[in-house]
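# Fold and contact review
Each chain, written out:
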Amino acid sequence: MRVDITLQQLEAFVEVAKTTNFRAAAQALHVSQPALSRTVRIVEDLVGARLFDRDTRHVELTPAGRELLPIALRILENFNSSFSELSQFLEGRSGHLTIAALPSTGVALLPGAIAEFRQQHPQVQFSLIEGPAEAVRAAVDEGRADFGLSVRPGTHEPLLYRHLRDDPFVLLCRRDDPLAARASVSWSVFATRPFIASSFQSSIRPITDAAFLQRGLQVQPALEYPSVAVAGALVAAGLGLTALPRLALQLSQNDELATVPLRRPLMSRPIGLVTRAGRSPSPVGRAFMDLLHRRESSRADRRTAAAA
């Protein structure tokens, strides 16, 4: 049987039970004493039992009142706990986030941001999906990820993009290569030395192809690599040179390798937050994306100050 007692009515009953005084309970609840008495009578009518024995001097719980009190306290405690969880969710302080990211952005940008976010919001849980740009976009578009950390999507895709940083390209060569001593290198170097290219599924390949097109270079890859780690191993083995965005270097850390800035032309990979158009982020998703943007803005400000 359903009993339609409101939380306000339960609070009134509990307050009278705690104070054993209608006047004190009314003051604590900021209501008039007659209004409180009416509320208690409504609760008694709803449960079908008298809850208080009272006269002009004393208020005492009846046996039915003593049985109801722990039930009412438990209901109010559960409500307050659930309401607190709801408040944390609405404020972006709890919840679950699934983030799809390029391998390079997952390594370079996410760990520090998650650590900082969890200092303030330890209740938030994270799941990470790693893959090439196409897989990141698909995860966001299909709703398997709350947002992506990837390159700018095409204008024809139902995705929104919020820019975080430009990721410049550098030459990766052996440390004992004469090129390693240069201050910078032109992309034309790849026309004279074996070029190790990324796969067509990578976010790197369209940019290296565009650089060669701008310079009017005909560059045939000597090898294609499936991952940045393999690219580093191939270069370390002396099989050629490659071009990588700086963020990807954390995927291929090797003492045998050196990097040199690439010039003529300057090429960079746009990295940002990818969300699905028409779908609003959750409060915790919005809070975490704002944190990523603040971290990148702060990094850019430090670089500008250092260059001044």
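Keep in mind it's a predicted model, so treat the numbers as computed, not measured.

A few words on the layout of surface pockets. For the largest pocket, the calculated volume is near 320 Å³. If you trace the largest pocket, you find 21 residues lining it, with Pro-103, Ser-202, Pro-226, Ser-227 and Val-228 closest to the centre. Those elements giving two or more residues to the lining of the largest pocket turn out to be α5 (103-108) and α9 (228-236). In terms of residue class, the lining of the largest pocket is built from 11 nonpolar, eight polar and two charged. Forming the boundary of the second largest pocket are Ala-133, Glu-134, Arg-137, Val-151, Arg-152, Gln-201, Ser-202, Ser-203, Pro-206, Ile-207 and Arg-269. Of all the secondary-structure elements, those providing two or more residues to the lining of the second largest pocket are α7 (133-141) and α8 (205-215). Residue contributions to the lining of the second largest pocket peak at three residues, all from α7. Considered class by class, the residues forming the lining of the second largest pocket number four nonpolar, three polar and four charged.

A word on the pattern of salt bridges. Where charged atoms from two side chains of opposite charge approach closely, those side chains can pair. Tallied over the full model, the rule gives 16 salt bridges. Of the charged contacts, one joins Arg-50 and Asp-53 as a salt bridge, the two residues approaching to 3.6 Å between their closest N and O atoms. On the basis of relative accessibility, which here comes to 44%, the residue Arg-50 falls in the partly exposed class. Residues Arg-205 and Asp-209 are paired through a salt bridge, measuring 3.3 Å at the closest nitrogen-oxygen approach. Placement of the pair is Arg-205 and Asp-209 together in helix α8, with a separation of four residues, close to one helical turn. Given the relative accessible area of 6%, Arg-205 is considered buried. Judged by its relative accessible area of 34%, Asp-209 is partly exposed.

The next point concerns the pairing of strand β5 (residues 147-151). Judged by how many residues are buried, β5 sits mostly within the fold: five of five residues are covered. Relative to strand β12 (residues 268-276), β5 runs antiparallel, the two sharing four bridges. Note that in β12 the partner of Leu-149 across the bridge is Leu-273.

So, on to the environment of Ser-184. Mapped onto the fold, Ser-184 is located in the loop between β6 (159-174) and β7 (185-186). Each C-alpha atom of the pair Ser-184 and Gly-216 lies 20 Å from the other, and the pair is 32 residues apart in sequence. Beyond its immediate chain neighbours, meaning those up to four positions away, Ser-184 contacts Val-260, Pro-261 and Arg-263.

This paragraph deals with a positive patch on the surface. A cluster of basic residues, Arg-182, Arg-215, Arg-246, Arg-263, Arg-264 and Arg-303, forms a positive patch on the protein surface. You can see Arg-263 is positioned in strand β11 (residues 257-263).

Bringing the pairing of β12 into the picture now. Summarising the sheet, β6 and β12 pair through nine bridges and their orientation is antiparallel. By the bridge assignment, Arg-162 is partnered in β12 with Leu-273.

Their axes nearest at 9 Å, the elements helix α1 (residues 7-19) and helix α3 (residues 33-47) cross at an angle of 105 degrees. Overall, the two elements α1 and α3 adopt an arrangement that is roughly perpendicular. Residue-level inspection shows Gln-9, Ala-12 and Val-16 of α1 in contact with α3, the latter providing Leu-36, Thr-39, Val-40, Ile-42, Val-43 and Leu-46.

Looking only at α7, the buried set comprises Ala-133, Val-136, Ala-139 and Val-140. The buried residues of α7 occupy one face: seen down the axis, they fall within an arc of 125 degrees. Against β3 (96-101), β4 (125-130), β5, β6 and β12 lie the buried residues of α7. Following α7 by one or two positions, Gly-143 has its phi on the positive side, about 80 degrees.

The next thing to look at is α8. Helical geometry note: an α-helix holds 3.6 residues per turn, so side chains three or four residues apart project in the same direction. Within α8 the residues assigned to the buried category are Arg-205, Ile-207, Thr-208, Ala-211 and Phe-212. Elements that come into contact with the buried residues of α8 comprise β6, β8 (196-198), β9 (223-225), β10 (242-245) and β12. Gly-216 sits one or two residues past α8 and shows a positive phi near 70 degrees.

Residues Phe-169, Leu-171, Trp-187, Phe-190 and Leu-262 are the most contacted members of the largest nonpolar core, which totals 35 residues. For this core, the secondary structure elements donating two or more residues are β6, β8, α8, α9, β10 and β11. Contact partners of Leu-171, with chain neighbours within four places excluded, come to Leu-179, Val-185, Val-189, Phe-190, Leu-241, Thr-242, Ala-258, Thr-259, Val-260 and Leu-262. Within the second largest apolar cluster, 32 residues are counted, among which are Ala-101, Leu-159, Val-284 and Leu-291.

So, on to the packing of aromatic side chains. Counted by the stated rule, this structure contains 12 aromatic pairs. Summarising the aromatic geometry, the rings of Phe-117 and Phe-288 are spaced 5.3 Å apart at their centres and angled 85 degrees between planes, so their arrangement reads as edge-to-face. Of the two residues, Phe-117 sits in helix α6 (residues 110-120) while Phe-288 sits in helix α10 (residues 283-307), which places them 171 residues apart along the sequence. Judged by relative accessible area, which is 5%, Phe-117 ranks as buried. Put simply, the rings of Phe-169, Trp-187, Phe-190, Phe-195 and Phe-212 pair up and form one aromatic cluster. Directly above the ring of Phe-200 sits Arg-205, whose terminal nitrogen or CZ lies 3.9 Å from the centroid.

Parameters at a glance
Residues numbered from 1 in each chain as written. Predicted model: local features only at pLDDT ≥ 70, side-chain atom pairs only at ≥ 80, totals over all residues. Heavy atoms only, no water. 1 Å grid on protein atoms, 1.4 Å probe; cavity = no way out; pocket = protein on both sides within 12 Å on 5 of 7 lines; lining within 4 Å. Points joined across faces, edges and corners; volume = space filled by probe spheres on them. Helix = DSSP H or I, 4+ residues; strand = E, 2+ residues; numbered from the N terminus. Nonpolar A, V, L, I, M, F, W, Y, C, P; charged D, E, K, R; others polar. Salt bridge = Lys/Arg side-chain N within 4 Å of Asp/Glu carboxyl O. Buried < 20%, exposed > 50% of the residue type's maximum accessible area, 1.4 Å probe, protein only. Pairing = 2+ DSSP bridges. Contact = heavy atoms within 4.5 Å. Patch = residues over 30% accessible without salt bridge, like charges linked within 9 Å, V, L, I, M, F, W, Y side chains within 5 Å. Areas by Shrake-Rupley, 256 points an atom, 1.4 Å probe, with all protein chains shown as cover. Lys, Arg positive; Asp, Glu negative; His and termini not counted. Charge placed at Lys NZ, Arg CZ, Asp CG, Glu CD. Axes fitted to C-alpha atoms, helices over the stretch in contact; angles between N-to-C directions. Parallel < 35°, antiparallel > 145°, perpendicular 65-115°, else oblique. Arc of directions from axis to C-beta. Core = buried A, V, L, I, M, F, W, Y, C linked by side-chain atoms within 4.5 Å. Phe/Tyr/Trp six-rings, centres within 6.5 Å; stacked < 30°, edge-to-face > 60°. Lys NZ or Arg CZ within 6 Å of the ring centre and 35° of its normal.

No statement about biological role is implied by the geometric values presented.
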